[in-house]
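Overview (structure and organization)
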Amino acid sequence: MEFYKTSTWLYNKGEGNEDFTYPVWKNLLLAEDKTINYFLGFPYGPDVELFKIFLEGEHFGIDYEHLVKGTITIDTPYNEEEWQKYSIHGPVPPTTVENILRLDFKIGNNPTFFTQSIFRNKDLWMLVGLEYTFSLKIP
């Protein structure tokens, strides 16, 4: 079981209204129109409360997340005057709530065939893949 609470101050705002975090640029499949631009840090960002309960085994996993997101994002202006308005106690209303259920099944050892089903509120995503684990010994 885990509980996370990220403050509205997570990305070090306030130093001349600049962020200390830098974006990661990832180009998928070397296609110019598939560039993803995101910041390192907690995957759900600042201004979040997350309760997670999970059970993991060698070939099966299940986890449930209850996520409450506030309105503050990495792009929200955050100066000294607004600091009082955007309380560090967050999440700052209006909030959104998401319930996420993940089921994982793995078949085999190496390679491993896996499937993951993700239920997020009323949406469903299915992921099927192949995972191969190896190690290198460098003298």
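Below: a short report on this structure. Sequence order as written defines the numbering, with residues in each chain counted from 1. Local features in a predicted model are, by the rule used here, given only for residues with pLDDT of at least 70; side-chain atom pairs are given and counted only at 80 or more, and totals for whole chains, interfaces and linings are based on all residues. Neither water nor hydrogens contribute to the side-chain values; these are computed over all heavy atoms in the structure.

Among buried residues, the Ala, Val, Leu, Ile, Met, Phe, Trp, Tyr and Cys ones that are joined through side-chain atoms within 4.5 Å form a nonpolar core. Buried, partly exposed and exposed residues are distinguished by accessible area as a fraction of the type maximum, computed with a 1.4 Å probe on protein chains only: under 20%, between the cut-offs, and over 50%, respectively. F42, Y44, V48, L50, L67, I100 and I118 together form the largest nonpolar core, which totals 7 residues. For V48, the residues in contact, after removing those within four places along its chain, are Y4, K5, T6, F42, L67, V68 and K69. Contact criterion: two residues are considered in contact whenever any of their non-hydrogen atoms come within 4.5 Å of each other.

Moving on to the sheet that holds strand β1 (residues 2–6). Paired strands are those between which DSSP finds at least two bridges. Working definition: helices are DSSP H or I runs of at least four residues, strands are E runs of at least two. Numbering for both runs from the N terminus. In space, the 6 strands of this open sheet follow the order β1-β4-β5-β6-β7-β8, with antiparallel pairing throughout. Only two strands of the sheet have a single neighbouring strand rather than two, namely β1 and β8 (123–131). Between one strand axis and the next, the sheet turns through 15° on average, direction left out of account. Bridging between strand β4 (residues 48–56) and strand β5 (residues 60–69) involves 9 bridges; their strand directions are antiparallel. Among the inter-strand pairings, E49 is bridged to a residue of β5, identified as V68. Axes here mean lines fitted to C-alpha atoms, for a helix over just the part in contact, with angles spanning 0 to 180 degrees between N-to-C directions.

The next thing to look at is the pairing of strand β6 (residues 96–107). Two strands pair when backbone bridges link them, and β5 and β6 are joined in this way by 10 bridges, in the antiparallel orientation. From the neighbouring strand, D63 faces β6, where its bridge partner is R102. Here β6 runs beside strand β7 (residues 112–120); their pairing, made up of 8 bridges, is antiparallel. Considered in β7, the bridge of L101 is made with F119. Counting the residues that bridge the hairpin from β6 to β7 gives 4 residues, and of these G108 lies at a positive phi of roughly 95°.

One pair of aromatic rings is described through two measures. These are the centre distance and the angle between the planes. Note on aromatic pairs: the rings of Phe, Tyr and Trp (six-membered ring only in Trp) are paired at centre separations within 6.5 Å, and the planes decide the class, stacked below 30 degrees, edge-to-face beyond 60, tilted for the rest. Taken as a whole and assessed by the stated rule, the structure comprises 1 aromatic pair. Aromatic side chains F60 and F105 sit 5.2 Å apart centroid to centroid with 50° between the ring planes, which places their arrangement in the tilted category. Taken together, the residues F60 in strand β5 and F105 in strand β6 connect sequence positions 45 residues apart. On the basis of relative accessibility, which here comes to 36%, the residue F60 falls in the partly exposed class. Judged by relative accessible area, F105 falls into the partly exposed class, the value being 40%. The positively charged end of K52 is found above the aromatic ring belonging to F54, 5.4 Å away from the centroid. Geometrically, a lysine NZ or arginine CZ counts as sitting over a ring once it is within 6 Å of the ring centre and also within 35 degrees of the ring normal.

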